[in-house]
Amino acid sequence: MVLTAWLACNIFLAFAYYPQWFGGSSVVIGLLGLVVGIGGSVLFFRFLNMCVEGLPSRFSEGVIPYAFLLPGFSLIALLLLYPTVQTVVYSFANADSTAWAGLTNYTAVLGSGEFWSALLNNLLWIVVVPIATVALGLGVAVLADKLSPTGEKITKSLIFLPMAISFVGAATIWGLVYAYNAPGSGQTGLLNAIVVALGGDPQPWYQLDTARLNSLLLMVILIWLQTGFAMVLLSSAIKAVPEDTIEAGRMDGASEARIFWQIIFPQVRATLLAVFITVLILVLKVFDVIYVTTNGLYSTDVIANLFFRKLFTDQQAGQASAVVVVLLILVLPILVYQVRSFRAQEAGR
């Protein structure tokens, strides 16, 4: 078991440090990675099972659940808990993490105007994106449910299609929509082409920070990406509503709107909450869209982009860690609320 783990780890290290051993081919390395990863896991757990079964029967029955959970928990500790603790520690260190700096990093971050601007933008994203995503997803789920089976499949497929696009790809696509050329020249951006066709002047959309309009336009990208996710989950929840409760409402003369708000909506509320919190956590970590489009310029910065700039541009590892810790503190109450909500739902079933 130990030998299998050691061998698999060293093979993966060889992929990273000595790709020439494998012809420098990413395809070959990828295929070998699948073979080593899956095969190594099978062998590891087979040997682990042999070790546990070799113990006395009573002891073996008590140990076997923990033995199979231990590797997974060890990976979680290595990949999630250890970096989290390390980041908190580094937030109290200097720029290159070689000496303690006390609360200097937090003082610098919290006293920075760019941090509060980024935090304000994050709050704006939190308010707009989850609500808009859930509302649009719910609307599409309800309306598509009233189409023919073929129409429902086509509609949902088109709405869900953006989920297959990466955030970077989506930001690039929408960059073509928001593209700006000087007045008098041809407009390659779809939005400016429409504005000019209607007799208006082209606008540099990414630079319009009045009322945070540019940030709102960037939010459209994430809403476009996540509406399909919300639609799929909410559509499943709506289809799970017992048909007899809906028919009872119709027999009592209730309108479709009243049936939705008083019969369907209360029964899908738990799914709505789960989708809302999932999108909210995603919004707190939003980075790709901002980095590809404006890189935080024109008052569009967010906390994740600020962290990236502090670490890789300003070479301030301590301040970057402090920014991440602040983000972690903001996310924790939401995670705690989500876990409690799920536990309450499970207890009510």
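Look above for the structure.
In this report, the structure presented in the accompanying data block is examined. (Residues numbered from 1 in each chain as written. Predicted model: local features only at pLDDT ≥ 70, side-chain atom pairs only at ≥ 80, totals over all residues. Heavy atoms only, no water.)

Turning to its location among the elements, Thr107 is positioned in helix α4 (residues 104-110). Since its relative accessible area comes to 56%, Thr107 is described here as exposed. (Helix = DSSP H or I, 4+ residues; strand = E, 2+ residues; numbered from the N terminus. Buried < 20%, exposed > 50% of the residue type's maximum accessible area, 1.4 Å probe, protein only.)

This paragraph deals with the nonpolar core. Among the nonpolar cores identified, the biggest contains 60 residues, and Trp125, Val129, Tyr178, Leu222, Leu234 and Ile264 are the most heavily contacted of them. Every element with two or more residues in this core is listed here: α4, α5 (113-144), α7 (167-177), α9 (213-239), α11 (256-284), α12 (288-293), α13 (303-313) and α14 (317-348). The leading source of residues in this core is α11, at 13 residues. Residues contacting Ile264, with those up to four places away along its chain left out, are Ile238, Val241, Ile246 and Ile259. (Core = buried A, V, L, I, M, F, W, Y, C linked by side-chain atoms within 4.5 Å. Contact = heavy atoms within 4.5 Å.)

Following the sequence through the fold, Lys156 ends up in helix α6 (residues 149-160). A relative accessible area of 15% places Lys156 in the buried class. Non-local contacts of Lys156, meaning those with residues more than four positions away in its chain, are made with Ala144, Met231, Ser235 and Lys239.

Right, let's get into the side chain of Arg309. Relative to the elements of secondary structure, Arg309 occurs in helix α13. Separated by 3.5 Å, the side chains of Arg309 and Glu114 make a polar contact. (Polar contact = N/O pair within 3.5 Å; in protein donor to acceptor, adjacent residues only side chain to side chain.)

What follows deals with the packing of aromatic side chains. Aromatic ring pairs are reported here in terms of the distance separating the ring centres and the angle at which the planes meet. Per the counting criterion, the structure on display carries 17 aromatic pairs. Geometrically, the ring pair formed by Phe15 and Phe22 is edge-to-face, given 4.9 Å between the ring centres and 70 degrees between the ring planes. We classify Phe15 as buried; its relative accessible area is 9%. Among the aromatic residues, those joined into a cluster by ring pairs are Trp174, Tyr178, Tyr206 and Trp224. (Phe/Tyr/Trp six-rings, centres within 6.5 Å; stacked < 30°, edge-to-face > 60°.)

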